[in-house]
Amino acid sequence: MIFRLAHLSDPHLGPLPAPRMRELLGKRLTGFVNWRRGRDKIHDMEVLGALVADMREHRPDHVAMTGDILNIGLPAEFPVARAWLATLGEPHDVSFVPGNHDAYVRGSLPHLAHFDDYARGDDGVSAYPYLRVRGSVALIGLSSAIPRPMFVASGRIGAAQMAAAERLLAATGARGLARV
């Protein structure tokens, strides 16, 4: 059986909503300045729309959206990103894991719940790592999205998540599933 997996990453959806001054304290200020100084042109929404239209024409069996759907983790970015994610398909057919821009600052973390339907395992649990089995394919969602200091764009997978992922990889491998 052929399984078509479409993979999208780093759309950095725009336009960026107008932030309140207090939302720009700290790390978000540098991200906002970067957006205004040209990053908004790099992440062209027309190009993204064309890519998504082309992807749909190929009728993938599943879509993996791996992070950086946002820019600076503003509360107003989350509902827009959730609505855009819904245009890719139903939660059963689209898997999401956040990137560093989605967890830009500590205040962004509670808003990640907007994506829970797309980041929930087949067991109904919304936690990382999660497991979704589609046909003969195991999709294992890991998250390295953690708030980092100003000028740092990186993530980390902790020991507990790594150990759980290793167990999922072993179990799904024993079932003969292809693992992504």
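This text follows the structure it describes.
First, a word on what this report is: a plain description of the structure on this page. Treat the numbers as computed from the prediction; the structure is a model and nothing was measured.

## Concerning helix α3 (residues 77-88)
Helical periodicity: at 3.6 residues per turn, an α-helix aligns residues three or four positions apart in one direction. The end-to-end C-alpha distance of α3 is 17 Å, a good match for the 16 Å that 12 residues give at a rise of 1.5 Å each. Turning to α3, its buried residues number three or more, namely E77, F78, A81, W84, L85 and L88. Angularly, the buried residues of α3 cover 125° about the axis, an arc narrow enough to put them on a single face. Where α3 is buried, its residues meet β1 (5-8), α2 (45-57), β2 (62-66) and β3 (94-97). Where α3 terminates, the next one or two residues include G89, which has phi positive at roughly 150°.

## Focus on the nonpolar core
The tendency in soluble globular proteins is for nonpolar side chains to be buried as a group. Within the largest apolar cluster, 20 residues are counted, with the highest numbers of intra-cluster contacts made by L8, I69, W84, L85, L88 and F115. Residue assignment for this core shows that the elements contributing at least two residues are β1, α2, β2, α3 and β3. Setting aside residues no more than four positions away along its own chain, W84 makes contact with L8, P11, L13, L48, V52, M65 and I69. Core analysis: the second largest hydrophobic core is formed by eight residues, F32, W35, I72 and V105 among them.

## Some thoughts on the packing of α2 against α3
Contact geometry of α2 with α3 gives a least axis separation of 11 Å together with a crossing angle of 30°. Here α3 runs roughly parallel to α2, going by the angle between their axes. The residues of α3 that touch α2, namely those facing L48, V52, M55 and R56, are W84, T87 and L88. Class assignment of the residues belonging to the contact of α2 with α3 gives a composition of five nonpolar, one polar and one charged.

## Some points on the sheet that holds β2
If you trace the three strands from one edge of the open sheet to the other, you get β1-β2-β3, paired in parallel fashion. Both edges of this open sheet fall to β1 and β3, since each of them pairs with a single strand only. Averaged over neighbouring strand pairs, the angle between their axes works out to 15° when direction is ignored.

## A few points about the sheet that holds strand β6 (residues 178-179)
Taken in spatial order, the three strands of this open sheet run β4-β5-β6, and their pairing is mixed. Looking at strand neighbours, the two that pair on one side only are β4 (130-134) and β6, the edges of this open sheet. As paired strands, β4 and strand β5 (residues 137-141) are joined by five bridges and run antiparallel to one another. When the sheet's bridge partners are listed, R132 is paired in β5 with L139. This element, helix α4 (residues 159-174), spans β4, β5 and β6 of the sheet and lies at about 175° to β5.

What counts, and at which threshold
Residues numbered from 1 in each chain as written. Predicted model: local features only at pLDDT ≥ 70, side-chain atom pairs only at ≥ 80, totals over all residues. Heavy atoms only, no water. Helix = DSSP H or I, 4+ residues; strand = E, 2+ residues; numbered from the N terminus. Expected span 1.5 Å × (residues − 1). Buried < 20%, exposed > 50% of the residue type's maximum accessible area, 1.4 Å probe, protein only. Arc of directions from axis to C-beta. Contact = heavy atoms within 4.5 Å. Core = buried A, V, L, I, M, F, W, Y, C linked by side-chain atoms within 4.5 Å. Axes fitted to C-alpha atoms, helices over the stretch in contact; angles between N-to-C directions. Parallel < 35°, antiparallel > 145°, perpendicular 65-115°, else oblique. Nonpolar A, V, L, I, M, F, W, Y, C, P; charged D, E, K, R; others polar. Pairing = 2+ DSSP bridges.

None of this, on its own, says anything about what the molecule does.
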